[in-house]
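# Survey of secondary and tertiary structure
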Amino acid sequence: MQKNSIIRLVVNILLFVSVLNGWWPIAFIVGVGGAWYWPHFIEIIVAGVAYDALFGMISGTSIHGWIGTIVSIVLYTVILLIKKIVR
């Protein structure tokens, strides 16, 4: 059980470092992998909000300023549905 917690911690650190540096393709891949591996990987949604807070929320951008949050919620939902079908 502790090994699983350590792996999750490493994945979370990798996810948030990639979000802080603006490496969204790496964050996307790590987020999808984490959401597929663990049952409730809400960190992907938190990463989407953090990405928008750092890079997206500029006044006058309307919905485009929230694209990271929207994509992370949709991605989490799609992965959750696919996991229910596959498993």
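Scroll up a little and you will see the structure.
The text that follows walks through the structure, step by step, so that each part is easy to find. None of the values given here were measured: they were computed from a predicted structure.

What counts and how
- Residues numbered from 1 in each chain as written.
- Predicted model: local features only at pLDDT ≥ 70, side-chain atom pairs only at ≥ 80, totals over all residues.
- Heavy atoms only, no water.
- Salt bridge = Lys/Arg side-chain N within 4 Å of Asp/Glu carboxyl O.
- Helix = DSSP H or I, 4+ residues; strand = E, 2+ residues; numbered from the N terminus.
- Buried < 20%, exposed > 50% of the residue type's maximum accessible area, 1.4 Å probe, protein only.
- Contact = heavy atoms within 4.5 Å.

What follows covers the pattern of salt bridges. Tallied over the entire structure, the rule returns one salt bridge. Among the salt bridges present, the one from E43 reaches R8, with a minimum N-O distance of 3.0 Å. Taken as a pair, E43 in helix 3 (residues 43–56) and R8 in helix 1 (residues 2–20) lie far apart in primary sequence, 35 residues in all. In this structure E43 comes out as buried when scored by relative accessible area, which is 17%.

Mapping L54 onto the fold places it in helix 3. Distance from L54 to L20, taken between C-alpha atoms, is 7.6 Å for residues 34 residues apart in sequence. Sequence-distant contacts of L54, that is, excluding residues within four places in its chain, are made with V19 and L20.

Okay, the side chain of S18 next. Locating S18 in the fold gives a position in helix 1. By relative accessible area, S18 is classed as buried at 1%. The residues contacting S18, other than those within four sequence positions of it, are W23, I26 and A27.

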